[in-house]
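# Descriptive analysis of the structure
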Amino acid sequence: MDESPLLEGNLAKQRVQRRLVELLSERPDARILDLGCVGPQPLAMWRYVAREHGSNPRLTGVDVAGIDRAIASAKAMQWSGARFVTASAYELTRRLPGESFDIVVSTQVLEHIRHIDRYFAQLAGILAPGGVALLTMDSGHHRRPISTVRRVGKWLAVRAGLERYHEKGVRDDEVAAAAARVDLRVVETRHYNINPLKWVHNHGIAAARKDEFAETWYRLEEIVNDDPAFIADNKGQFLGVYAELARGV
């Protein structure tokens, strides 16, 4: 079994991984920012990228907490070129003054951002001319049941203004509008993680066949994403959104 497979269970993140390999093959010296680099498994997506790309990228990781875990993961991968900064998405230009990046990756962050315009203003401020941003987020087109814990969290986010409890899916048109306000261009949006298939992958299929299932699942969702009419009529069936943005030269 390959020790560095594509991420399972979130096809939008798989899309990011595959795109990163393409971009780094064209420009191996690209300056990269991973915004929200910690997550449940710090730098998890980079194991596949490292295997396919085979180099030590110029990676800067940013997150609001848990940076020590990301540092440990980078050391385990022997990525001496990586550095890490504790900061929020709202203070990138202040914490990284004068810096810009050719590639920005931000996976499953936007649904936790209360002030989307502040996020995009910072993104535009650190993305180099000609740079590319790869984003994934929970879909605002899909309506899912809300547990009591999440209801309480949403209430706290609104009433007490606590960013950490904010959780709200984001629509592709919201991304396009926010990007346009800071002169970023949407290159592509795609919708992934059909709800029933995600459940089958996570809870139904035998562990020995998860990788095979995920690969077939990805190919099927690529086919449906290439059908604009289907996507337009069925966005609510997908749990995740992939968005690729660019800053003009």
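Reading the values: rules and limits
Residues numbered from 1 in each chain as written. Predicted model: local features only at pLDDT ≥ 70, side-chain atom pairs only at ≥ 80, totals over all residues. Heavy atoms only, no water. Helix = DSSP H or I, 4+ residues; strand = E, 2+ residues; numbered from the N terminus. Buried < 20%, exposed > 50% of the residue type's maximum accessible area, 1.4 Å probe, protein only. Contact = heavy atoms within 4.5 Å. Areas by Shrake-Rupley, 256 points an atom, 1.4 Å probe, with all protein chains shown as cover. Axes fitted to C-alpha atoms, helices over the stretch in contact; angles between N-to-C directions. Parallel < 35°, antiparallel > 145°, perpendicular 65-115°, else oblique. Left-handed = near helix turned anticlockwise from the far one by under 90°. Nonpolar A, V, L, I, M, F, W, Y, C, P; charged D, E, K, R; others polar. Pairing = 2+ DSSP bridges.

## Focus on the overall build of the protein chain
The number of helices and strands found in the protein chain is ten helices and seven strands. Here the protein chain, with 249 residues, has 47% of them falling under the buried criterion. Across the protein chain, every contact between residues at least 6 apart in sequence was considered, and the portion connecting residues at least 24 apart equals 79%. Of the roughly 12400 Å² of accessible surface on the protein chain, a fraction of 52% belongs to carbon and sulfur atoms.

## Quick notes on the packing of helix α8 (residues 195-204) against helix α9 (residues 210-225)
Between α8 and α9, whose axes approach to 10 Å, the crossing angle comes to 170°. When the axis of α8 is compared with that of α9, the two are roughly antiparallel. Like other packed secondary-structure pairs, α8 and α9 cross with a definite hand, here left-handed. Taking contact as the criterion, the partners of Leu 197, Lys 198, Val 200, His 201, Asn 202 and His 203 in α8 are, on α9, Lys 210, Phe 213, Ala 214 and Trp 217. Class assignment for the residues of the contact of α8 with α9 results in five nonpolar, three polar and two charged.

## Focus on the sheet that holds strand β6 (residues 184-194)
Spatially, seven strands are ordered β3-β2-β1-β4-β5-β7-β6 in an open sheet, and the strand pairing comes out mixed. Lying at the two open borders of the sheet, with one neighbouring strand each, are β3 (83-86) and β6. The sheet shows a mean angle of 15° between the axes of neighbouring strands, direction not considered. Looking at chain direction, strand β5 (residues 127-138) and strand β7 (residues 238-247) are connected through seven bridges and run antiparallel. Bridge pairing in β7 places Ala 133 opposite Leu 245.

## As for the pairing of β7
For β7, the buried fraction is high: nine of the ten residues fall into the buried class. Where β6 and β7 come together, nine bridges link them in antiparallel fashion. Its bridge partner lying in β7, Leu 184 is registered against Arg 247.

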